[in-house]
Structure formats: structure tokens, C-alpha cells
Amino acid sequence: MNPRINIKNLIALLLLCLLAFGGVACHSRTYAADDKSKIHVGIVFDIGGKDDRSFNAAAWAGVRCAETGKWPNGESCGKPGLDIVLRDIEPGNPTSIEPAMRAFAEKGYDLIIGVGFAQAPIMEVVAKDYPNIHFAIVDGFSDLPNVASLIFKEHEGSYLVGMLAAQTSRTGTIGFLGGMDIGLIHRFEKGYEEGARAVNPNIKVIQNYVGVTDGAWNNPGKGKELSLAQIGKGADVIFTAAGNSGLGAFDAVEQAGKVNGRATHFVIGVDSNQNMVKPGFVLTGMVKRVDNAVYSIVQDVVNKKFEAGPHVYGLDKDGVGYAMDQYNKDLITPEMIKAAEEARRKIIAGQIKVTDAMLK
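Residues numbered from 1 in each chain as written. Predicted model: local features only at pLDDT ≥ 70, side-chain atom pairs only at ≥ 80, totals over all residues. Heavy atoms only, no water.

> Explain the overall build of the protein chain to me, using residue names and the numbers behind them.
Looking only at helices and strands, the protein chain has ten helices and 15 strands in total. Rg of the C-alpha trace for the protein chain: 21 Å, near the compact-globule value of 21 Å for 360 residues, within the 12% margin. Taken over the C-alpha atoms alone, the protein chain extends approximately 65 × 40 × 40 Å along its principal axes. Taking contacts inside the protein chain between residues at least 6 apart in sequence as the whole, the part at least 24 apart equals 70%. (Helix = DSSP H or I, 4+ residues; strand = E, 2+ residues; numbered from the N terminus. Rg over C-alpha atoms; globule rule 2.2 N^0.38 Å. Contact = heavy atoms within 4.5 Å.)

> Residue-level account of the pairing of strand S8 (residues 204-211), with values.
In the case of a regular strand, side chains alternate between the two sheet surfaces. Here strand S7 (residues 173-180) runs beside S8; their pairing, made up of seven bridges, is parallel. Across the sheet, the residue bridging to Thr173 is Lys204, located in S8. Chirality of the crossover, the property in question, places the unit of S7, helix H6 (residues 183-199) and S8 among those that are right-handed. (Pairing = 2+ DSSP bridges. Right-handed = clockwise from strand over helix to strand, strands pointing away.)

> I'd like a description of the pattern of salt bridges, backed by residues and values.
Within this structure, the stated rule accounts for 18 salt bridges. Its salt-bridge partner being Lys50, residue Glu90 comes within 3.3 Å of it at the nearest N-O pair. Residue Glu90 is located in the loop between strand S3 (85-89) and helix H3 (97-106), and its partner Lys50 is located in the loop between strand S2 (40-44) and helix H2 (55-68); the two are separated by 40 residues in the primary sequence. Accessibility expressed as a relative area gives 21% for Glu90, which makes it partly exposed. Overall, Lys50 belongs to the buried group, its relative accessible area being 9%. In this structure, a network of salt bridges that share partners links the residues Asp139, Glu154, Arg187, Lys288 and Asp356. (Salt bridge = Lys/Arg side-chain N within 4 Å of Asp/Glu carboxyl O. Buried < 20%, exposed > 50% of the residue type's maximum accessible area, 1.4 Å probe, protein only.)

> Outline unusual backbone geometry, supporting the account with residue identities and numerical values.
Residue Asp83 is not a glycine yet carries a positive backbone phi of 55°. Within the secondary structure layout, Asp83 lies in the loop between H2 and S3. The phi dihedral of Asp139 is positive, around 75°, even though this residue is not glycine. Looking at the secondary structure, you find Asp139 in the loop between strand S5 (134-138) and strand S6 (147-152).

> Account for the packing of aromatic side chains, with residues named and values stated.
This structure, assessed with the given rule, holds nine aromatic pairs. Both rings, one in Phe45 and one in Trp60, keep their centres 6.0 Å apart while their planes meet at 75°; by these two values the pair is edge-to-face. Here Phe45 is found in the loop between S2 and H2, whereas its partner Trp60 is found in helix H2, with 15 residues between them in sequence. Trp60 carries the same exposure label as Phe45, and that label is buried. (Phe/Tyr/Trp six-rings, centres within 6.5 Å; stacked < 30°, edge-to-face > 60°.)

> Which residues make up the environment of His311, and what are the values?
Within the secondary structure, His311 is located in strand S14 (residues 309-313). Expressed as a C-alpha distance, the spacing of His311 and Phe141, which sit 170 residues apart in the sequence, is 9.8 Å. Residues in contact with His311, not counting those within four places in the same chain, are Ala148, Ser149, Leu150, Ile151, Ile297 and Asp300.

> Got a sec to walk through the confidence of the model for the protein chain? Specific residues and values, please.
The pLDDT averaged across the protein chain works out to 90; a share of 90% of its residues lies at or above 70. Note on residues 1-5: pLDDT under 50 across the span, and three contacts to partners over four residues away in sequence or across chains. Overall, residues 16-32 carries pLDDT values under 50, and its contacts beyond four positions in sequence, including any with other chains, amount to 26 contacts. (pLDDT = per-residue confidence, 0-100.)

> Describe the side chain of Glu154, and please don't skip the residues or the numbers.
By the element assignment, Glu154 lies in helix H5 (residues 154-168). A polar side-chain atom of Glu154 sits 2.7 Å from a polar atom in the side chain of Arg187. Discounting chain neighbours no more than four positions away, the residues touching Glu154 are Asp139, Leu184, Arg187, Phe188, Met286, Lys288 and Val320. (Polar contact = N/O pair within 3.5 Å; in protein donor to acceptor, adjacent residues only side chain to side chain.)

This is how it looks when you write it as C-alpha cells:
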């Protein structure tokens, strides 16, 4: 027997013991009453945790919708609950991700979902050891026959919010705050810049990244510091694609204040609709429908229609877009929406080609 696998399984079993006793990293509602006839789904979050009001929160919304037919706040999600058994783990640090996945696999879960590109190589290792279990990675890629890759065309949605930023800016300078300096976030940045330049070819775009390690996703203090620096250089709209670190940008624009009841600076949120985080200071958000993608893969497993390989979500599948609601309806004019919707149609039709920076 492979001693490496034995050690890994031992770690998984130890974590299962923690799960059984309701360890703080694992959340459940019915440990004692697991129904073996139901599909069991386990989700392992990125280190930002499911309450980051961004990427992880969107994934959490999707699995809760699949479990109960409701969003985490108890409101209907507009889709039927799938009557699954759901467990989630918030690892807290990168070294806890693999044991978390193995804990679910060792217990024979039907689907294990990993949230975030950084989990892709970890999932590759675990999925090879459990070939009969279905896995899904959000924002990552695998060509294993038991792994579904949930991928988004973030550059397309970022193009639209870039247009909205340029139409809103009074200084001719806008900002971009990225989390970890990687190709995936360059995709957001490039799409945002191209959309802005489609409105104003001379617009200035200031970009900064929080860091080069996983900690870059969970440092709102640094995010605020960088955002304030961008504001000091003239940026009056900042698009953040930085996970929990991006919340620092929300604080920065709020600190800049209002004149005659209107914010002087705005932030553009990411992944989830974050318009309600700082009402009046959030222009919109580049919404990535991770919730839809996660719900769909759970539904596929329930219906025995799971397919490995890439599942791609762009504007054509309502996989990305921009957030509009009661919190920002007075910030974005009908003319701005008309221009964004026209660009949406042209992108879908192939008349506008948005650069995918990950392919460069």
C-alpha cells in the first residue's frame, strides 16, 4: 500500500472526527440525521470564508439555493430546492484545504466543490485518489474525468462596468484594485480598461494589486491603503476584484465623502451584488453568477447528468453582468444602461471582441 495515501487518509479521518463533533471550521444543521438516500454535497471555501460578501458568498448562495430553494437570508432564490445534504468547510488557511476535501471524499460524498483557482492543483491530487466521486472547481481547470471546471468570462462583464465607470468619472481617471497578481485578475483588469476606453479613449486607469500570495484576498487594510492612494492620484471610480481585501476600497470611497448629497467617489463591487454594502457609494458591481453555476452542477449530479470538463459562463449564458437595484438606480442613467446593453448585444454577437488577458 502507498504510505503517502495512508497518511492522507489518516489526516482526512482525523478531520472527520472534528466534523462529527461540530468543529468550528465546519457548518451543518443535521449531523445526527444524515439521510443516505440523498445526494451529499460538500463545499470547501477559499480562505476568505463564505461571509466575504463577494466570491465565496456567491458560491454559498448557490449551494444554499440547491439545498433549500432559498438564499442564505431566507428569501426564495426562484429555483426548487433539490433536497440534498449539504456540508461546508471554511479552511482558514491554505494547508487545511486538502484535508477538508479528503474528509468529504473519505465519507463518500457525491459531489465536492472547491471555491477558487488556488484549489485546482489540490483538487487534482484528491480527485485522482477518489475517481468515483464527482468534483467541481470554481474558477479553476482540470481535465480529469471526474472534475467539472466552472469557468467565467470575467472580461466580458468587466468591459460593461468599465463603460459605466468612464461615463461616471468626472476626473478622467479611474482605478482598479486587484487581489492576487495573477492571470485571472488580469482578465478583470483588461476588460475593465477596454470598456472604459470604448467610452473615453484618453481615460487614465491606475491599477494596483494587494499582493502575490493567497493572503492578498483577505487584507482589507491594504486594500483601503491602495484605494486611498489611487484617490490621491485623481481616481474617482475604483473597480475592485480582490475578494475580502476589496472591502477596503468601499471604506476608502466612503471616507472621501459626499458633496450636495452625492458621493464624490465610487467603488464597483465584484462577484456578488455588493450595492448594499455602502449605499450611495457603490456605482454597480461586476456580478459573476457563481451561484447559478454551482446550483447547476449540483442539479446535474442530482439528475445523474454530471459532465466533466469546462462549463463556461459568459454574457450569453447570464454568467456575468452588472448589478442594478434600488441602491444604485439613481447613480446610473438610462443612457448609461442603454449603452451598456448595446455593448452586451455586440459582445454576444461577436461584433465586439474583449481581450481575454489569461490567453495572452
